[in-house]
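Geometric and topological summary
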Amino acid sequence: MKTIEDVRLMKKVLINELNQLSEENVFGTSNDSDRVKLHGWIIDLAHLEKFGKVNDLNSDVSFWYFDECWSPLFDYEDALKNIEDYEQLVRYAVWLNM
């Protein structure tokens, strides 16, 4: 089971992903379905963050939160680890330049 801090970090990653999502993908088709999926996940994570419980036990967020089975959010969790590694490298670089 994840912590509320994990939920906040995932929400931050998904909001960033949503902000960077272009109107069309590389094939020229609309990204509207991806946008709707990201919105839904963010809403579920916000509900979980605020109330401390999952709204739908069969949702991707529920599966991710309880580590029950594979969810597409696990891919974003891997991306989150890469972001944390990058942030740590930036901190080290700033510290070395001081």
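Quick note: structure is the one above.
Note that this is a predicted model, so its numbers are computed, not measured.

Now for helix H2 (residues 32-51). Along its 20 residues, H2 runs 28 Å from first to last C-alpha, staying within 8% of the 28 Å computed at 1.5 Å per residue. Within H2 the residues assigned to the buried category are Arg-35, Leu-38, Trp-41, Ile-42, Leu-45 and Leu-48. Each buried residue of H2 lies within a common arc of 150 degrees when the element is viewed along its axis, so the set occupies one face. Counted as exposed and oriented over 90 degrees from the buried face of H2: Ser-33, Val-36, Ile-43, Lys-50 and Phe-51. At the exit of H2 stands Gly-52, carrying a positive phi of roughly 75 degrees.

All right, on to the packing of aromatic side chains then. Scanning the model with the defined rule gives 1 aromatic pair in all. Relative to Phe-66, the ring of Tyr-65 has its centre 5.0 Å away and its plane inclined at 75 degrees; by these criteria the two rings are edge-to-face. By relative accessible area, Tyr-65 is classed as buried at 6%.

Conventions we followed
Residues numbered from 1 in each chain as written. Predicted model: local features only at pLDDT ≥ 70, side-chain atom pairs only at ≥ 80, totals over all residues. Heavy atoms only, no water. Helix = DSSP H or I, 4+ residues; strand = E, 2+ residues; numbered from the N terminus. Expected span 1.5 Å × (residues − 1). Buried < 20%, exposed > 50% of the residue type's maximum accessible area, 1.4 Å probe, protein only. Arc of directions from axis to C-beta. Phe/Tyr/Trp six-rings, centres within 6.5 Å; stacked < 30°, edge-to-face > 60°.

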